[in-house]
Amino acid sequence: MNKLIKIFSKRSTWATPYAIFLMLFVVLPLVLIGVYAFMDNDGAFTVANFVKFVEQPEAFNTFIYSVAVAIVTTFFCILLGYPAAYILSNKEFNRSKTMVLLFILPMWVNVLIRTLATVSLFDITGIPLGEGALLFGLTYDFLPFMIYPIYNTMMKIDKNLIEAAQDLGANQMRVFLKVILPLSMPGVVSGIMMVFLPTISTFAISELLTMNDIRLFGSIIQENIMLSDTMNYGAALSLVMLLIIGATSALGNDSEEEMSHGGII
Amino acid sequence: MAEVKVEPGGNIIDIKHVSKWFGDKQVLDDVSLCIRKGEFVTILGPSGCGKTTLLRILAGFDTASEGEILLEGSDITQTPPHKRPMNTVFQRYALFPHLNVYDNIAFGLKLKKEKDNIIENRVRRALKMVGMTDYEHRDVNSLSGGQQQRVAIARAIVNQPTVLLLDEPLAALDLKMRKDMQMELKEMHKTLGITFIYVTHDQEEALTLSDTIVVMSEGVIQQIGTPTDIYNEPENCFVADFIGESNILNGTMIEDRLVRFMGTEFKCVDEGFGENAPVDVVIRPEDIYIMAHTENAMLQGRVSSCIFKGVHYEMIVQLANGYELMVQDYNAFEPDTEVGLIIKPSDIHVMKKERTCNTFDAVVADENHIDMLGGTFECQPHGLEKGTEIKVEVAFDKIDLTDDKEDGALEGDVRLILYKGNHYHLTIVTDNDDYLYVDTNDVWDDGDMVGINILPEDIRIIHN
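What counts as what
- Residues numbered from 1 in each chain as written.
- Chains lettered and ligands numbered in written order.
- Predicted model: local features only at pLDDT ≥ 70, side-chain atom pairs only at ≥ 80, totals over all residues.
- Helix = DSSP H or I, 4+ residues; strand = E, 2+ residues; numbered from the N terminus.
- Rg over C-alpha atoms; globule rule 2.2 N^0.38 Å.
- Contact = placed C-beta atoms within 7 Å.
- Buried ≥ 20, exposed ≤ 12 C-beta atoms within 10 Å, placed from the backbone.
- Pairing = 2+ DSSP bridges.
- Axes fitted to C-alpha atoms, helices over the stretch in contact; angles between N-to-C directions.
- Parallel < 35°, antiparallel > 145°, perpendicular 65-115°, else oblique.
- Left-handed = near helix turned anticlockwise from the far one by under 90°.
- Nonpolar A, V, L, I, M, F, W, Y, C, P; charged D, E, K, R; others polar.
- pLDDT = per-residue confidence, 0-100.
- Core = buried A, V, L, I, M, F, W, Y, C linked by C-beta atoms within 7 Å.
- Domains from an automatic or database assignment.
- Expected span 1.5 Å × (residues − 1).
- Arc of directions from axis to C-beta.

Topic: the overall build of chain A
In step 1: Across its full length, chain A carries twelve helices and zero strands.
In step 2: Order of helices (α) and strands (β) in chain A, N terminus to C terminus: α-α-α-α-α-α-α-α-α-α-α-α.
In step 3: Computed over the C-alpha atoms, the radius of gyration of chain A is 23 Å, more than 25% above the 18 Å expected from 2.2 N^0.38 for a compact globule of 265 residues.
In step 4: Its C-alpha atoms put chain A at 75 × 70 × 35 Å along the principal axes.

Some points on the interface of chain B and chain A
In step 1: Contacts between chain B and chain A engage 18 residues on the former and 18 residues on the latter.
In step 2: Counting only elements with at least two residues in the side of chain B that touches chain A, the list comes to β6 (86-89) and α2 (101-111) of chain B.
In step 3: If one sorts the elements of the side of chain B that touches chain A by residue count, α2 of chain B sits on top with three residues.

With respect to the pairing of strand β25 (residues 399-402) of chain B
Residues and elements named next belong to chain B.
In step 1: On β25, burial follows the alternation: I399 and L401 on one face are buried, whereas D400 and T402 on the facing-out side are not.
In step 2: Summarising the sheet, β25 and strand β29 (residues 449-454) pair through four bridges and their orientation is antiparallel. Within β29, the residue paired with I399 across the bridge is I454.

Focus: the sheet that holds strand β2 (residues 25-36) of chain B
Residues and elements named next belong to chain B.
In step 1: With respect to topology, four strands assemble into an open sheet ordered β2-β1-β4-β5, the strand pairing being antiparallel. Either end of the sheet is taken by a strand with one partner, and the two such strands are β2 and β5 (74-75).
In step 2: Relative to the sheet, helix α1 (residues 51-59) contacts β1 (11-22), β2 and β4 (66-71), its axis offset from that of β2 by approximately 60 degrees.

What to know about the packing of α2 of chain B against helix α3 (residues 116-129) of chain B
Residues and elements named next belong to chain B.
In step 1: In contact at an axis separation of 10 Å, α2 and α3 are set at 125 degrees when each is read in the N-to-C sense. Comparing their axes, α3 and α2 come out oblique. Between α2 and α3 lies a crossing of right-handed hand. Here Y102, I105, A106, L109 and K110 of α2 come into contact with α3, specifically with I119, R122, V123, A126 and L127.
In step 2: Here the residues of the contact of α2 with α3 are counted per class, giving eight nonpolar, no polar and two charged.

Details of the sheet that holds strand β12 (residues 258-261) of chain B
Strand pairs in the sheet, formed through backbone hydrogen bonds, run parallel or antiparallel to each other.
Residue and element names in this part refer to chain B.
In step 1: Reading across from one edge, β13-β12-β11-β14-β20 is the order of the five strands in this open sheet, with antiparallel pairing throughout. Each edge of the open sheet is held by one strand with a lone partner, namely β13 (264-267) and β20 (349-352). The average undirected angle you get between the axes of adjacent strands in this sheet is 40 degrees.
In step 2: In the sheet, strand β11 (residues 247-255) pairs with β12 via four bridges, with the strands oriented antiparallel. By the bridge assignment for β12, M253 is matched with V259.

A word on the confidence of the model for chain B
In step 1: Per-residue confidence for chain B gives a mean pLDDT of 90, with 98% of residues at or over 70.
In step 2: In this model, residues 1-8 of chain B is a region of pLDDT below 50 whose contacts with residues beyond four sequence positions or in other chains number 15 contacts.

Looking at the pairing of β1 of chain B
Residue and element names in this part refer to chain B.
In step 1: Bridge analysis of β1 against β2 gives eight bridges, and the strand direction is antiparallel. Of the residues in β2, the one forming a bridge with F22 is K25.
In step 2: Inspection of the sheet shows β1 paired to β4 by five bridges, in the antiparallel sense. Paired with I15 across the bridge in β4 is I69.

Overview of unusual backbone geometry
Peptide bonds are mostly trans, and most non-glycine residues show a negative phi.
Residues and elements named next belong to chain B.
In step 1: Positive phi, close to 45 degrees, is recorded for E72, a residue that is not glycine.
In step 2: Position of E72 relative to the elements: it lies in the loop between β4 and β5.
In step 3: Residue E72 is classed as partly exposed on the basis of its 13 C-beta neighbours within 10 Å.
In step 4: Residues other than glycine seldom take positive phi values, yet E168 does so here, at roughly 40 degrees.
In step 5: Here E168 shows up in the loop between β7 (163-167) and α5 (175-192).

Observations concerning the nonpolar core
In step 1: Ranked by size, the top nonpolar core spans 106 residues in total, and within it I197 and V214 of chain B carry the most contacts.
In step 2: Two domains each donate at least three residues to this core, and these are domain 1 (8-239) and domain 2 (247-352) of chain B.
In step 3: For I197 of chain B, the residues in contact, after removing those within four places along its chain, are I35, V41, I43, L55, L58, V163 and L165 of chain B.
In step 4: Counting residues in each nonpolar core, the second largest holds 40 residues, with V69, M146, I147 and M193 of chain A among its members.

A look at the confidence of the model for chain A
Residue and element names in this part refer to chain A.
In step 1: Per-residue pLDDT for chain A averages 85, and the proportion of residues at 70 or more is 94%.
In step 2: Helix α12 (residues 231-261) is the least confidently modelled element of chain A, averaging 74 in pLDDT, while helix α8 (residues 159-167) averages 94, the highest of any element.
In step 3: Low pLDDT, under 50, characterises residues 257-265; the predicted model gives this stretch 16 contacts beyond four residues in sequence or across chains.

Topic: the environment of I43 of chain B
Residue and element names in this part refer to chain B.
In step 1: One can find I43 in strand β3 (residues 40-44).
In step 2: Residue classification places I43 among the buried positions, given that 28 C-beta atoms sit within 10 Å.
In step 3: As for I43 and E255, which are separated by 212 residues in sequence, their C-alpha atoms are 36 Å apart.

A look at the environment of L164 of chain B
Residues and elements named next belong to chain B.
In step 1: Residue placement: L164 occurs in strand β7.
In step 2: Measuring from C-alpha to C-alpha, the distance between L164 and T88 comes to 6.0 Å, with 76 residues separating the pair along the chain.
In step 3: Excluding its chain neighbours within four sequence positions, the residues that come into contact with L164 are N87, A156, I157, I194 and F196.

Re α3 of chain B
Residues and elements named next belong to chain B.
In step 1: Relative to the 20 Å expected for 14 residues at 1.5 Å per residue, α3 spans 20 Å between its end C-alpha atoms, a close match to the ideal helical length.
In step 2: Among the residues of α3, R122, V123, A126 and L127 are the ones counted as buried. One face of α3 carries all of its buried residues, which in axial projection span an arc of 140 degrees. Turned more than 90 degrees from where α3 packs its buried face, N117, I118 and K128 sit exposed.
In step 3: Those residues of α3 that are buried lie in contact with α2 and α4 (145-157).

See the structure below:
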């Protein structure tokens, strides 16, 4: 009995189911992607899939295009989200936190449903779907993910710092540029991570909003993976995307660490 | 209340009848104060007395609800903080975490668009002044509390303000560091020659540093004076109790130079109170002479406790008639020793009593009740008509306090406790912000929530 209690009180015992879960559903698929990416249809080792990615302009161009779309979406999200977060962080405007709730509320609705709603909106108003609709939809979908982290870091800025800046001769504009903006950058970095990376890999949203006209990198992967004779190529594309996301995350983490070193997070 | 009178030319700041409300709570009540150029002024008071609010109004972070503030004769009441030639040292340092030491200090100068070499010169000089040379490239978060405060001081003085505001700058430091910094601040004040306005709740710090001390309580200035004045000639019980240790006793001024307290008559040096006037008497514990023989003593008693305080011993002496006195002496007298006490006439400080009983406005509610202080009390209004406005008096010792606030006709909290030798004198603030003064033998703590009851026969009606 005592032995049993001892086993159950150990942290490692509790970690076991999670470890098994992670092995089965995260590590194993990753390994499989890695393996499939370096195989041809007969199961022999090859790097042809990667050569095809660089040589065949279609997939490569889509990749570049997806990155461009992600950059533009992120840009719009910062443009709209930063002022929103700044206004929300002002206690005068946001005494009951209702405003924050309203901004976060769309996150409770499934992204596909929201996208379908956007499509109907465009249909009703008679605006043609296409690139514009895609950017609008993506910005609308990801905006809360930009606002929330920025809002959070702004709420944590010590009000004494703002008073200290005023005391040293800074008017409202200077207080913003010299104190609030630099101190809210960690929030912007988290926001970028939460908008830019998922945007590259979306697939259903782009198809719905452009009537299958524009395909993002996510769609290309999905199409290739679905067909058995291009499955290995799809795996290679996945691997490429994974490495790029990994690299950007690492960069993001670095700069975030630097910021938190500044005592913000 | 009291204003320091100086020739108008020498004043750098004039605070005129400033009041401040936050919602319906009044935190400053008609505060007037003149500050001379180059003075080290300390605003001293317990937490919640309004001292920080006054400083924030001077800095421009808050605006006065009433009254005006003049800086060298010009009105700055509505001037935003960035246009005031003053700088603040904050209690929690408020250094910019994204900037290093150099950039923190240069912040103000860069905003003024000073030339780079001028900025560099002045930052270096400021760093030298606070003893932080060679720290300019350090990250502010890697500094200790004391170092951070030095940087905060450098960041303020580098702008050469006409007035430096300091909001409890040493409160977060440990005792030893605080003592060192006090000396450095005093030295800095001498070197810079600018006006320092310093806020603190630490009376010792105020006595050490200041040219002038402003004692505040409940949003009102209680006394303005030099450290010696404040210590030796407190104007009321609050000041006497807040600054240093003191024995505060009820007394009667029999005639000029003769006062009676603790059942004994004493010669003193005060005059002009009139005959048989009720007064408060203050005797500092170090001014009472204690000795082993009792023959020639003015008072006899028995030591009930003796504590070593480093330099002196602090003893409580119990007199035969029930009074207790605190006595400080370099010699220890063990508990239960019979001792004699002598008090010199010049060491007895007599103060006019601010009040001798509670006076309230009331309205007759019906034959047996009156409304006052936001509650209804039973009493005999003697056939006065309903709705008549009257004044009532209640003696200090006729107010009953209950532990459970539900048991009282009113609720309130204990704000200020004075020990008067054989009883406690409490100030109670009700939920309606009315003040009650209570004499009691029960022990209460500051901040206790109490129920308040008054018996019908103890309410004395004065016809208006």
